[in-house]
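Each chain, written out:
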Amino acid sequence: MDVDLIFKIAAIGILVAVLNILLQRSGREEQALMTSITALVVVLMMVVQKISELFALIKSLFNL
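Residues numbered from 1 in each chain as written. Predicted model: local features only at pLDDT ≥ 70, side-chain atom pairs only at ≥ 80, totals over all residues. Heavy atoms only, no water.

## A look at the overall build of the chain
The number of helices and strands found in the chain is 2 helices and 0 strands. A globule of 64 residues ought to have a C-alpha radius of gyration of about 11 Å, yet the chain, at 16 Å, is considerably larger. The principal-axis extent of the C-alpha atoms belonging to the chain is close to 55 × 20 × 5 Å. Within the span of the chain, comprising 64 residues, buried residues form 11% of the whole. By element, 72% of the accessible surface of the chain is carried by carbon and sulfur atoms, the whole surface being about 5,400 Å². (Helix = DSSP H or I, 4+ residues; strand = E, 2+ residues; numbered from the N terminus. Rg over C-alpha atoms; globule rule 2.2 N^0.38 Å. Buried < 20%, exposed > 50% of the residue type's maximum accessible area, 1.4 Å probe, protein only. Areas by Shrake-Rupley, 256 points an atom, 1.4 Å probe, with all protein chains shown as cover.)

Shown next, in the form of C-alpha cells:
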C-alpha cells in the first residue's frame, strides 16, 4: 500500500480544516463550505484513481 497517498490525504484534511476555521471565523461560511467540497472532490478523485489501478492490476493478474 502506498503510504504517500495516506500522507497526502491527511495533509489535505489538515489544510482544509485550518482554512475552514479561518473562513468561518471571518464570516465567510459559503467559501468555507466550497473549500470543503472542493477538497472532498480532490480526495475522491485520488482514491478513484487508485481503485482504477487496483482493478487494472486484478484484471491483468487473472488475464481477464
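## Points about the pattern of salt bridges
Counted according to the given criterion, the structure contains 1 salt bridge. Notably, a salt bridge pairs Lys50 with Glu53, separated by 3.6 Å at the nearest N-O pair. Pair noted here: Lys50 and Glu53 are both in helix α2 (residues 29-61), with a separation of 3 residues, about one helical turn. Residue Glu53 is classed as partly exposed on the basis of its relative accessible area of 43%. (Salt bridge = Lys/Arg side-chain N within 4 Å of Asp/Glu carboxyl O.)

## Examining helix α1 (residues 3-25)
Taking 1.5 Å of rise per residue, the 23 residues of α1 would be expected to cover 33 Å, and the 33 Å separating its terminal C-alpha atoms lies within 8% of that figure. Taken residue by residue, α1 has Leu5, Val16 and Leu23 as its buried positions. Those residues of α1 that are buried are in contact with α2. Positive backbone phi, approximately 85°, marks Gly27, located one or two places after α1. (Expected span 1.5 Å × (residues − 1). Contact = heavy atoms within 4.5 Å.)

## Some thoughts on a nonpolar patch on the surface
Taken together, the side chains of Ile51, Leu54, Phe55, Leu57, Ile58, Leu61, Phe62 and Leu64 present a nonpolar region at the surface, about 880 Å² in accessible area. Positionally, Ile58 belongs in helix α2. By relative accessible area, Ile58 is classed as partly exposed at 34%. (Patch = residues over 30% accessible without salt bridge, like charges linked within 9 Å, V, L, I, M, F, W, Y side chains within 5 Å.)

## Description of the environment of Leu5
Take Leu5: it is sitting in helix α1. Each C-alpha atom of the pair Leu5 and Val47 lies 8.6 Å from the other, and the pair is 42 residues apart in sequence. With residues up to four places along the chain from it excluded, the contact list for Leu5 reads Met46 and Lys50.

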